[in-house]
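# Survey of secondary and tertiary structure
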Amino acid sequence: MNIPFILFFVCALLAVAGAVMLILAREPIHSALALVLVMMSLAVLYLLLGAEFIAAVQIIVYAGAIMVLFVFVIMLLNAGVEERTDFSKIAKYAGLPLAFFLLLWIGHWLAHAPAGAVIANGGSAPTVAFSTVELSKQLFRPYLFPFEATSILILIAILGAWVLARKEE
Amino acid sequence: MEFISQHPVLVVSLVKIAVLLFIVMTALAYLTWAERKIVAHIQSRWGPYYVGAHGLLQPLADGIKFLFKEDVTPPVSDRLVYVLAPFLALSLALTAIALIPFGPPDVQVLGQSVFIVSNLDIGLLFLFAITSIGVYGVALAGWSSNSKYPLLGGLRSSAQMISYEVSLTISVVGVLLLAGTLNFNGIIKGQEGYWFHFIPRWHVVPQIVGFLCYITAAIAETNRIPFDLPEAETELVAGFHTEYSSFKFAMFFMAEYANMITVSCLATILFFGGWLSPFPDIWRWQLFLPGAGLLALGAYCAWDTVAEMRGIARIQLAVVTLLMLGGGAICLIPPVAAVIQGPFWFTAKVLAFLFFYIWLRGTLPRFRYDQLMSFGWKLLLPVSLANLVITAFVIILPLLRHG
């Protein structure tokens, strides 16, 4: 029982618990906070796999920027408690067994995948040195075009938001 | 004992965290004292004077007062989030300090450097990760109180912190381009050396625009005057922490001061060479500067004890005098003097920034909300972006010329 091993299970359980809370919570802010919990646990999991840059970016972008905007908008609109309707019949008799089956299938697949083997062997010891320098070399040499294309896509989205939000003159 | 030998990093880190926590808590307490004293003197008042000599025991009295006050939780509040918010604010603010290197990494005990709790390769990025989720403390406090003023304060504060975080991050990227690393020690080591043998090679010289953007955005991030709209008492009572009382209020208070310390440390590391001395190494006398400074302060306190103080205050100040004289004498011993060089310069620079903060508070009025937003988005962001682009261009220019 080494510390990364324990940490993995704690964070994995937290992530799953957060995801369940996200669906079950009736207050929108609670749902948003549960999602933050999921993001943070995922960041720790990335850290355990040796991807510290991804972990930091996960927190900065998802927990620190996107979810803050979610919380902000929920506060601004003062969204009230959700209304619950009854569980639909299709979901009860077809959805739940299907979800269970899907879970089993993913579990089976993970146990035989290389990533799953790493987790099963204690969840530590990343085989690849995944430093920030190495990542940036990969990002700006072989993957330069997709990287720039994505940034232009985001720029277009920002311009679109600006066009939609500006006042008519 | 077996546990210690098996997990040296964990055990040494825990000890360092405990010591750092004690130092930071004391520093926070006396920062409030310093702030009240300095602002009072700026406004021609005396400030705290009666609890201890020169009000030196005032922070202790305040702490006891906060602990024993009635803790009122509004019945309509969201209990869980209401309790979570101050904990979140304070714990995140304190976590950020664990990443700060207070001295050079080569001073070591048991193979672990003494002055750095956590020396991460992605130190700066991790610090930004922690400060970026610091918004939750304020936003959730405003929401969970379920009351009008805190909600408005929380909203304003979230909007302000989101807006200025962009400029804060971008203004720092210029330094990263010069340093070529995210590790704090790497950034500091990159600032060694001198221009013309006497101007230290600190990043503040080439990155003066970046520094001005950084310090402006940092003051806005920490919700201090002139950007303290979240708690503008004339319009919002006390903003997001209106409904908080007793120790929960104290936690927000401490978080604010801890954040001040963090951004001051960051400014010192990024722009002012961290624990590097401003003087060239050949000037040997600077080794004795910390000791001499403490001795001078002790001498002043001794004069004050004898000439001004009466009764119990005289005894209290005598203790302070003895501590300062003793500390100064210890700091004059050459091996000790060599070890405390790094922390001394680091602390001196951070204290200068903290004084600057308090000075601003005593001097400037508050922005209006629309002024704040247009300043952040229409001036600060373009200037820091331009600074980044120009810095990148200057760095890449020699590479372009030589292929």
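No experiment lies behind these values; they were computed from the predicted model shown. (Residues numbered from 1 in each chain as written. Chains lettered and ligands numbered in written order. Predicted model: local features only at pLDDT ≥ 70, side-chain atom pairs only at ≥ 80, totals over all residues. Heavy atoms only, no water.)

Turning to the nonpolar core, a few remarks are in order. One finds Leu124 and Tyr214 of chain B to be the most contacted residues of the largest nonpolar core, which totals 103 residues. Looking at which element gives the most residues to this core, the answer is helix α11 (residues 246-271) of chain B, with 15 residues. (Core = buried A, V, L, I, M, F, W, Y, C linked by side-chain atoms within 4.5 Å. Buried < 20%, exposed > 50% of the residue type's maximum accessible area, 1.4 Å probe, protein only. Helix = DSSP H or I, 4+ residues; strand = E, 2+ residues; numbered from the N terminus.)

Between two packed helices, both the angle of their axes relative to each other and the distance between the axes serve to describe the pair. Residues and elements named next belong to chain B. Two numbers describe how helix α5 (residues 123-132) lies on helix α7 (residues 148-179): the axes approach to 12 Å, and their chain directions differ by 175 degrees. Classified by the angle between their axes, α5 and α7 sit roughly antiparallel to one another. Facing Leu124, Phe128, Thr131 and Ser132 of α5, the residues of α7 in contact are Glu165, Leu168, Thr169, Val172 and Leu176. Of the residues contributing to the contact of α5 with α7, the split by class is 5 nonpolar, 3 polar and 1 charged. (Axes fitted to C-alpha atoms, helices over the stretch in contact; angles between N-to-C directions. Parallel < 35°, antiparallel > 145°, perpendicular 65-115°, else oblique. Contact = heavy atoms within 4.5 Å. Nonpolar A, V, L, I, M, F, W, Y, C, P; charged D, E, K, R; others polar.)

Attention shifts here to unusual backbone geometry. If a residue is not glycine, its phi is most likely negative; likewise, a peptide bond is most likely trans. Residues and elements named next belong to chain B. Positive phi, close to 55 degrees, is recorded for Ser44, a residue that is not glycine. For Ser44, the position within the fold is in the loop between α2 (8-42) and α3 (58-68). Residues other than glycine seldom take positive phi values, yet Asn146 does so here, at roughly 55 degrees. Note on placement: Asn146 falls in the loop between α6 (135-144) and α7.

Moving on, we come to the packing of aromatic side chains. Applying the stated criterion to the full structure yields 25 aromatic pairs over all chains. Their ring planes at 80 degrees and their centres at 5.1 Å tell us that Phe8 of chain A and Phe9 of chain A sit as a pair that is edge-to-face. Members of the aromatic cluster, joined through ring pairs, are Trp202, Phe211, Tyr214, Phe271, Phe272 and Phe353 of chain B. A cation sits over an aromatic face here: Arg166 of chain A above Trp162 of chain A, 5.3 Å from the ring centre. We note Lys65 of chain B situated over the ring of Phe66 of chain B; from NZ or CZ to the ring centre the distance is 5.4 Å. (Phe/Tyr/Trp six-rings, centres within 6.5 Å; stacked < 30°, edge-to-face > 60°. Lys NZ or Arg CZ within 6 Å of the ring centre and 35° of its normal.)

Another point: the interface of chain B and chain A. On the chain A side, the residues contacting the 23 residues of chain B number 24 residues. Broken down residue by residue, the surface that chain B buries against chain A is led by Tyr136, Trp143 and Leu155 of chain B, which jointly contribute 29%. Between chain B and chain A we count 0 salt bridges in total. Scanning the region where chain B abuts chain A turns up 3 residue pairs in polar contact (both at pLDDT 80 or more). Elements with a contribution of two residues or more to the side of chain B that touches chain A: α5, α6 and α7 of chain B. Top contributing element to the side of chain B that touches chain A by residue count: α7 of chain B, with 6 residues. (Buried area = accessible area lost by both parts, 1.4 Å probe. Salt bridge = Lys/Arg side-chain N within 4 Å of Asp/Glu carboxyl O. Polar contact = N/O pair within 3.5 Å; in protein donor to acceptor, adjacent residues only side chain to side chain.)

One can read the domain layout of chain A as domain 1 (1-82) and domain 2 (131-169). On a C-alpha basis, the centroid separation for the pair domain 1 of chain A and domain 2 of chain A is 24 Å. (Domains from an automatic or database assignment.)

A separate point is the side chain of Ser145 of chain B. When you line up the elements, Ser145 of chain B lands in the loop between α6 and α7. For Ser145 of chain B, a relative accessible area of 1% translates into the label buried.

Right, let's talk about the side chain of Asn387 of chain B for a bit. With respect to the helices, strands and loops of the structure, Asn387 of chain B is situated in helix α15 (residues 369-401). Contact partners of Asn387 of chain B, with chain neighbours within four places excluded, come to Ser171, Gln207, Val209 and Gly210 of chain B.

On to the packing of α7 of chain B against α15 of chain B, then. Residue and element names in this part refer to chain B. Two numbers describe how α7 lies on α15: the axes approach to 9 Å, and their chain directions differ by 15 degrees. In terms of orientation, α7 lies roughly parallel with respect to α15. Crossing angle aside, the handedness with which α7 passes α15 is left-handed. Here the residues of the contact of α7 with α15 sort into 18 nonpolar, 9 polar and 1 charged. (Left-handed = near helix turned anticlockwise from the far one by under 90°.)

Here we take up the confidence of the model for chain B. With 96% of its residues at a pLDDT of 70 or more, chain B shows a mean pLDDT of 85. Scored as a complex, the prediction yields pTM 0.85 and ipTM 0.80. (pLDDT = per-residue confidence, 0-100.)

With that out of the way, let us pick up the pattern of salt bridges. Pairs may arise between side chains of opposite charge once their charged atoms sit close together. Residue and element names in this part refer to chain B. Here the structure, examined in full by the defined rule, presents 4 salt bridges over all chains. Salt-bridge contacts for Asp71 lead to Lys248; the nearest nitrogen and oxygen are separated by 3.0 Å. Pair noted here: Asp71 is in the loop between α3 and α4 (79-97) and Lys248 is in helix α11, with a separation of 177 residues, a long-range link. Assessed through its relative accessible area of 10%, Lys248 is described here as buried. Between Arg368 and Asp370 there is a salt bridge, with the nearest N and O atoms lying 2.9 Å from each other. Given the relative accessible area of 42%, Asp370 is considered partly exposed.

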